[in-house]
Amino acid sequence: MRIALNATRDAGRRATRVLLAERDLTALGLYGYDGSNVADRRTIAIRELTGFDILVTDDADAASAFAGIALDDGIPCVVTAESVEPDLDGRYAAAGLTLLVGSGSVAAIAVSLASHEVARSDEVTSVTMAWTVPGKPLHRGTAAAFPDPVGARWGRIVGRAPTHVEVPVDGEWAGAVATVNGRVGGDRVQRVVGVADNREHLEGIALAAGALAVLAGGFGPGLHRPGDSPEAFLSAALRVGLGVAAFTQ
């Protein structure tokens, strides 16, 4: 596989290292990124996308522009931005190509963990997902428990149903956790799954996982988010180093 990567932040640069660990990678085109600190014969500086299978970017401000460039070149695109210009969904669908948005964030990992656990349940009674964001820690709010070293924190609800909890933390650590209550085989079950790691590393894993999941055919034509195909996204994330802790009662 040949991947074109536009890296403007640490998340994209971490994704560079993650992708270079893939044996099937034959070329990593550094699109607008010199990669001077990357020593690998498969990396090349590029100015066009000819010959590449996908374009990946962590530039949230220019996501729509990069998605348009990839579409013109007839390849799928993965962006960290949560939204792009509305017409891109229909244009990608008409071209039979995939546009994955919201990849490369800790929130994407939380949503995918929740979606994955919901799919495993015969009946779901409640779903709560929480993720960290950079910021000053709260001293009250909604409790969220992440694996160490993030640990128990206070967050604020930012969604309706299922409950979304955003948890400000300072420092380098980040986490994502999903709690699903329901029934499996007639038994009441609570399943808690979570991750905790360096924030930039998690974002790099999420961005790389989005690209690999799209290349593997995990998402159909048109605009998608990681939670639309949690099995494909999590499978790719686990393959490139995501460590998940789980608890069932």
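The structure reproduced in this document is the subject of the present report. (Residues numbered from 1 in each chain as written. Predicted model: local features only at pLDDT ≥ 70, side-chain atom pairs only at ≥ 80, totals over all residues. Heavy atoms only, no water.)

### So, the packing of aromatic side chains
Applied cut-off: Stacked, tilted and edge-to-face are the three classes assigned to paired rings of Phe, Tyr and Trp, where Trp is represented by its six-membered ring and a pair needs centres within 6.5 Å; plane angles under 30 degrees give stacked, over 60 edge-to-face, the rest tilted. To qualify as a helix, a DSSP run of H or I must reach at least 4 residues; to qualify as a strand, a run of E must reach at least 2; elements of each kind are numbered from the N terminus. To sort residues, take the accessible area from a 1.4 Å probe on protein chains only and compare it with the maximum for the residue type: under 20% means buried, over 50% means exposed, and anything in between is partly exposed.
In total, this model carries one aromatic pair according to the counting rule given. Ring geometry for Y31 versus F66: centroids 6.1 Å apart, planes at 70°, classification edge-to-face. Taken together, the residues Y31 in strand β2 (residues 27-31) and F66 in helix α2 (residues 63-72) connect sequence positions 35 residues apart. Across this residue pair, the class does not change: Y31 and F66 are buried.

### Side note on helix α4 (residues 106-120)
Under the convention used in this document: Given a helix with a known number of residues, its expected span is that number minus one, times 1.5 Å. Whether two residues touch is decided by their heavy atoms; if any such pair falls within 4.5 Å, the residues are in contact.
Taking 1.5 Å per residue, 15 residues should reach 21 Å; α4 reaches 22 Å between its end C-alpha atoms and fits that length. Where α4 is concerned, the buried positions are V106, A107, A108, I109, A110, S112, L113, A114, H116 and E117. Looking at the buried residues of α4, the elements they touch are β7 (123-134), β11 (173-184), β12 (187-198), α5 (199-215) and α6 (230-239).

### Some words on α2
In an α-helix there are 3.6 residues to a turn, and that puts residues three or four apart on one side. Most of α2 sits inside the fold, with seven of its ten residues counted as buried. Three or more residues of α2 are buried, namely A63, S64, F66, A67, G68, A70 and L71. Against β1 (2-6), β2, β4 (54-57), β5 (77-79), α3 (87-95) and β6 (98-100) lie the buried residues of α2. Within two residues after α2, G74 carries a phi angle of roughly 75°, on the positive side.

### A closer look at the pattern of salt bridges
Here is the rule: Salt bridges are defined as contacts in which a side-chain nitrogen from Lys or Arg sits within 4 Å of a carboxyl oxygen from Asp or Glu.
Across all of its chains, the model carries ten salt bridges by this definition. Between R13 and D10 there is a salt bridge, with the nearest N and O atoms lying 3.5 Å from each other. Of this pair, R13 and D10 both sit in helix α1 (residues 10-20), three residues apart, which is roughly one turn of the helix. Residue class for R13 comes out partly exposed when judged on its relative accessible area of 26%.

### Section: the side chain of S103
Structurally, S103 is set in the loop between β6 and α4. The contact partners of S103, leaving out residues within four places of it in the chain, are V78, V79, T80, A206, L207, G210, P226 and F233.

### Let's talk about the sheet that holds strand β9 (residues 152-157)
Defined as follows: In short, DSSP must find at least two bridges between two strands for them to pair. To obtain an axis, a line is fitted to C-alpha atoms, over the contacting stretch when the element is a helix, and the angle between two such axes runs from 0 to 180 degrees between their N-to-C directions.
Reading across from one edge, β8-β9-β10-β7-β11-β12-β14 is the order of the seven strands in this open sheet, with mixed pairing throughout. Strand pairing shows two members of the sheet lacking a second neighbour, β8 (142-145) and β14 (245-248), which therefore form its edges. The sheet shows a mean angle of 25° between the axes of neighbouring strands, direction not considered. Across four bridges, the pairing between β8 and β9 is antiparallel. For A144, the partnering residue across the bridge sits in β9 and is R153. Across the face of the sheet, α4 comes into contact with β7, β11 and β12 while running at roughly 15° to β11.

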